Structure formats: C-alpha cells, structure tokens
Amino acid sequence: MNKEWMLFFPIIMPVVSGVICFCIPDSLKKLRSAIALLSGIVLIWIASLIYRAGDITYISPWFISTINFSLKSGSLSKFIVLWISIFSFLITLYVTEKMTSE
C-alpha cells in the first residue's frame, strides 16, 4: 500500500464505523460499543503510522484537471491527527463505560 493512501483512513474510517454503529439496533449495544472501540484502536494505530512516517503528500487532479486535490501531512498536522484520535478513543471508552452502567 502506498503511504499516500494512509492519509484517507483518518477521514473515511470514522464515517464508515459511525454508519455501521448507527445501523445496529439498540438491542445489540455491546456489539455497537465493541465496533466503536475497535475502530478507535485501529484509528490510533493508523495515526501513529502516519506520525512516524515522513512527510506524505497526495495530489490528484480534480474537476477536469483545473483544480488539484491535495492532502499533506506536516509535523503539526500529524501531531493533531494523533492526539485527536487518542482523545476520541478516550471519549468512546468513557461513553461505553457510562452506558453499560446505566
């Protein structure tokens, strides 16, 4: 897998796991919590891979080649993605524990 494609996972993965968790009925709360926690762990792993990688740039022509779509990972953006993924996992863990105690 190219390093450039790693930049799409922190964008797409939370959306996909959120839609999957939204489609699960309320009677299967434990499965929904497990999917949310697992996706959080995988997101932290992917963010740490991006953090340890060098500067990654993805550039693709968009809209009849007049506009370029680009994703770039600088040092600050890698740091922000890593800490947002850790913080979102901690929020998911807290909500999971709070919902199971009720």
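As shown above, the structure is provided for reference.
Everything in this summary refers to the structure shown in the same document. (Residues numbered from 1 in each chain as written. Predicted model: local features only at pLDDT ≥ 70, side-chain atom pairs only at ≥ 80, totals over all residues. Heavy atoms only, no water.)

**Brief notes about the side chain of threonine 96**
Structurally, threonine 96 can be placed in helix α3 (residues 75-101). Of note is the side chain of threonine 96, whose polar atom sits 2.7 Å from the backbone oxygen of threonine 92. With sequence-adjacent residues up to four places away left out, threonine 96 is seen in contact with Ser33 and Leu37. (Helix = DSSP H or I, 4+ residues; strand = E, 2+ residues; numbered from the N terminus. Polar contact = N/O pair within 3.5 Å; in protein donor to acceptor, adjacent residues only side chain to side chain. Contact = heavy atoms within 4.5 Å.)

**What to know about the packing of helix α1 (residues 9-23) against helix α2 (residues 29-52)**
One way to put it is that α1 packs onto α2 with a least axis distance of 10 Å and a crossing angle of 175 degrees. Here α1 is positioned roughly antiparallel relative to α2, judged by the angle of their axes. Contacts between α1 and α2 involve Phe9, Pro10, Met13, Pro14, Ser17, Ile20 and Cys21 from the first element and Arg32, Ile35, Ala36, Ser39, Val42, Leu43, Ile46 and Ile50 from the second. By residue class, the composition of the contact of α1 with α2 is twelve nonpolar, two polar and one charged. (Axes fitted to C-alpha atoms, helices over the stretch in contact; angles between N-to-C directions. Parallel < 35°, antiparallel > 145°, perpendicular 65-115°, else oblique. Nonpolar A, V, L, I, M, F, W, Y, C, P; charged D, E, K, R; others polar.)

**Notes on the side chain of serine 73**
Tracing the backbone shows serine 73 in strand β2 (residues 67-73). When its relative accessible area of 5% is taken as the criterion, serine 73 is described as buried. With near-sequence residues (within four places) excluded, serine 73 lies in contact with Leu7, Gly54, Asp55, Ile56 and Lys78. (Buried < 20%, exposed > 50% of the residue type's maximum accessible area, 1.4 Å probe, protein only.)

**Considering α1**
Between its terminal C-alpha atoms α1 stretches 21 Å, which fits the 21 Å expected from 15 residues at 1.5 Å a residue. Taken together, the buried positions of α1 are Met13, Ser17 and Cys21. Here the buried residues of α1 occupy an arc of 60 degrees about the axis, which is enough to place them on one side. Those residues of α1 that are exposed and angled more than 90 degrees off the buried face are Val15, Phe22 and Cys23. Buried residues along α1 sit in contact with α2. (Expected span 1.5 Å × (residues − 1). Arc of directions from axis to C-beta.)

**Points about the nonpolar core**
Counting residues in hydrophobic clusters, the biggest one holds eleven residues: Met6, Leu7, Phe8, Met13, Leu43, Ile46, Ile50, Ala53, Ile56, Tyr58 and Leu71. When contributions to this core are tallied by element, the ones reaching two or more residues are α2 and β1 (56-62). It is α2 that contributes the most residues to this core, three residues altogether. (Core = buried A, V, L, I, M, F, W, Y, C linked by side-chain atoms within 4.5 Å.)

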